Amino acid sequence: VGRPVLALVGPAGAGKSSLVRAGVIPRLRGRGPLLVLQLRPGRDPFLTLARVINAAQEPGSGSSEDGPFGLTTGPSLDDGDAATSEQEEAPAATVAERMAGMLRRKPQVLNLMLGRMLERRGGSVLLLVDQLEELYTLAPDADTRRQIMTALCGAADARPAPVRAVCTLRAALLARPA
């Protein structure tokens, strides 16, 4: 639990996810407030991640200068696409799709998103990626796999955001991410 990125590897059905939920998460919660963002990568891991982050946002927590999902938009984060009032009032699916696009273009933005959430909430974040093998069995291409891993590991390694990433992975597929 002391490392920022942890891979829990074992045979299918061994209880990897249960171990994380019953052991790792309570241990981290014992150290202070913890926001757990749990996802399975699926066919579009960036959209999955964006939906999880979007769902974790507290309603009404952004200021008037914030774009959707609590980030100030502008050249440094969004390639110059300024948020409009129409985009700010977009349905959750559109906000998540927009966030996923931003993460695809600049995976390092995940650290900024999580940092913003933690500024409001305090505590730390656990990114729980259950069944990481889905990146290799369902995701469309190597670039997507590389970018999502860059986002997850970069957020966990970066400071000041106290973020940890825990991934579960079937042992039979260990060679693929290695």
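Residues numbered from 1 in each chain as written. Predicted model: local features only at pLDDT ≥ 70, side-chain atom pairs only at ≥ 80, totals over all residues. Heavy atoms only, no water.

**Concerning helix α1 (residues 16–29)**
Moving on, step 1. The end-to-end C-alpha distance of α1 is 19 Å, a good match for the 20 Å that 14 residues give at a rise of 1.5 Å each.
Moving on, step 2. Along α1, the positions that sit buried rather than exposed are Lys16, Val20, Val24, Ile25 and Leu28.
Moving on, step 3. Against β1 (5–10), β2 (34–39), β3 (124–129) and β4 (163–170) lie the buried residues of α1. (Helix = DSSP H or I, 4+ residues; strand = E, 2+ residues; numbered from the N terminus. Expected span 1.5 Å × (residues − 1). Buried < 20%, exposed > 50% of the residue type's maximum accessible area, 1.4 Å probe, protein only. Contact = heavy atoms within 4.5 Å.)

**Notes on the packing of helix α6 (residues 109–121) against helix α8 (residues 142–157)**
Moving on, step 1. Following both chains from N to C, one finds α6 and α8 inclined at 50 degrees, their axes separated by 8 Å at the closest point. It follows from the interaxial angle that α6 and α8 lie oblique. Two packed elements cross with a definite hand, and for α6 against α8 that hand is right-handed. From α6, Leu110, Asn111 and Leu114 reach across to α8, where they touch Ala151, Leu152 and Ala155.
Moving on, step 2. Its residues placed into classes, the contact of α6 with α8 shows five nonpolar, one polar and no charged. (Axes fitted to C-alpha atoms, helices over the stretch in contact; angles between N-to-C directions. Parallel < 35°, antiparallel > 145°, perpendicular 65-115°, else oblique. Left-handed = near helix turned anticlockwise from the far one by under 90°. Nonpolar A, V, L, I, M, F, W, Y, C, P; charged D, E, K, R; others polar.)

**Brief notes about the packing of helix α2 (residues 45–56) against α8**
Two quantities define a packed helix pair, namely the angle between the axes and the distance from one axis to the other.
Moving on, step 1. α8 packs onto α2 with a crossing angle of 30 degrees between their chain directions and a minimal axis gap of 10 Å. It follows from the interaxial angle that α2 and α8 lie roughly parallel. Contact residues: Pro45, Phe46 and Leu49 in α2; Thr144, Gln147, Ile148 and Ala151 in α8.
Moving on, step 2. Grouping the amino acids of the contact of α2 with α8 by side-chain chemistry returns five nonpolar, two polar and no charged.

**Looking at α8**
Moving on, step 1. Between the first and last C-alpha of α8 there are 22 Å, a value that for 16 residues agrees with the 22 Å anticipated at 1.5 Å per step.
Moving on, step 2. Here α8 has its buried residues at Thr144, Arg145, Ile148, Ala151, Leu152, Ala155 and Ala156. The arc that holds the buried residues of α8, viewed along the axis, is 135 degrees, so those residues lie on one side. Away from its buried face, by an angle of more than 90 degrees, α8 presents the exposed residues Arg146 and Asp157.
Moving on, step 3. Where α8 is buried, its residues touch β1, α2, α6, β3, α7 (134–137) and β4.
Moving on, step 4. Between the side-chain oxygen at the start of α8 and the backbone nitrogen of aspartate 143 there is a gap of 3.1 Å, and the oxygen is on aspartate 141. (Arc of directions from axis to C-beta. Polar contact = N/O pair within 3.5 Å; in protein donor to acceptor, adjacent residues only side chain to side chain.)

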